[in-house]
Amino acid sequence: MTKKINLLNYNSEISELEKKKFNIVNLSLIICTHMGSEKLFYLILSICKSTFVPAEVIIIGTHKDDFINIQIFKKIINFKSIVSPIADQVFQRKLGFEKSTCKFILQSDDDIEFYNNCIEILYKEIIKNNDYILCPLIVDGLGNNADQRSVNQY
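Let me begin by describing the structure that accompanies this report. (Residues numbered from 1 in each chain as written. Predicted model: local features only at pLDDT ≥ 70, side-chain atom pairs only at ≥ 80, totals over all residues. Heavy atoms only, no water.)

### A word on the overall build of the protein
Looking only at helices and strands, the protein has five helices and four strands in total. Along the protein, helices (α) and strands (β) appear in the sequence α-β-α-β-β-α-β-α-α when read from the amino end. Counting across all 154 residues of the protein, residues that qualify as buried make up 40%. When contacts within the protein are restricted to residue pairs at least 6 apart in sequence, long-range pairs at least 24 apart make up 71% of them. (Helix = DSSP H or I, 4+ residues; strand = E, 2+ residues; numbered from the N terminus. Buried < 20%, exposed > 50% of the residue type's maximum accessible area, 1.4 Å probe, protein only. Contact = heavy atoms within 4.5 Å.)

So, in structure tokens, the structure goes:
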């Protein structure tokens, strides 16, 4: 069951975002989701509030209802929604990579919210270090490392 976001709570914020002049960068953001409609709303909202915004956001879900809460953002940023025939993150990412048209790709899970300058920082590092793979440190709402595996690996 998809939970629909009450957009009335966000009308003024979304109205302001519709007027915003964006710093659009040559970056595709690939997002995979499975029954993540509510999470996607907050992720896309955080992207719209960013200092730098990807030229395209490609969201690969497993059902058309995955996109129900983000249609309001179609007027604000460039995003494509794809329904994958298979619920598998690797398969879904591959579909997104195939649709990407930008020089650089950033991939994100659907349960992430970006700080307003996160994409800017990542993009500036990407263009300085063209041959590197970057992995940001992800923290939870309490400021703790959310992905200890990445911390240990990198």
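### Notes on the pairing of strand E4 (residues 104-109)
Side chains Phe104, Leu106 and Ser108 project from E4 onto a buried face, and the interleaved Ile105, Gln107 and Asp109 project onto a face without burial. As defined by bridge partners, strand E1 (residues 24-32) adjoins E4 across six bridges and the pair is classed as parallel. By the bridge assignment, Leu27 is partnered in E4 with Phe104. (Pairing = 2+ DSSP bridges.)

### Considering the sheet that holds E4
Ordered in space as E3-E2-E1-E4, the four strands form an open sheet in which the pairing is parallel. A single partner strand is all that each edge strand has here, and the edge strands are strand E3 (79-83) and E4. Adjacent strand axes in the sheet meet at a mean angle of 20° when their direction is disregarded. In the packing of helix H3 (residues 89-99) onto the sheet, contacts are made with E1, strand E2 (53-61), E3 and E4, and the angle to E2 comes to roughly 140°. (Axes fitted to C-alpha atoms, helices over the stretch in contact; angles between N-to-C directions.)

All quantities given are derived from atomic positions and should not be read as evidence of function.
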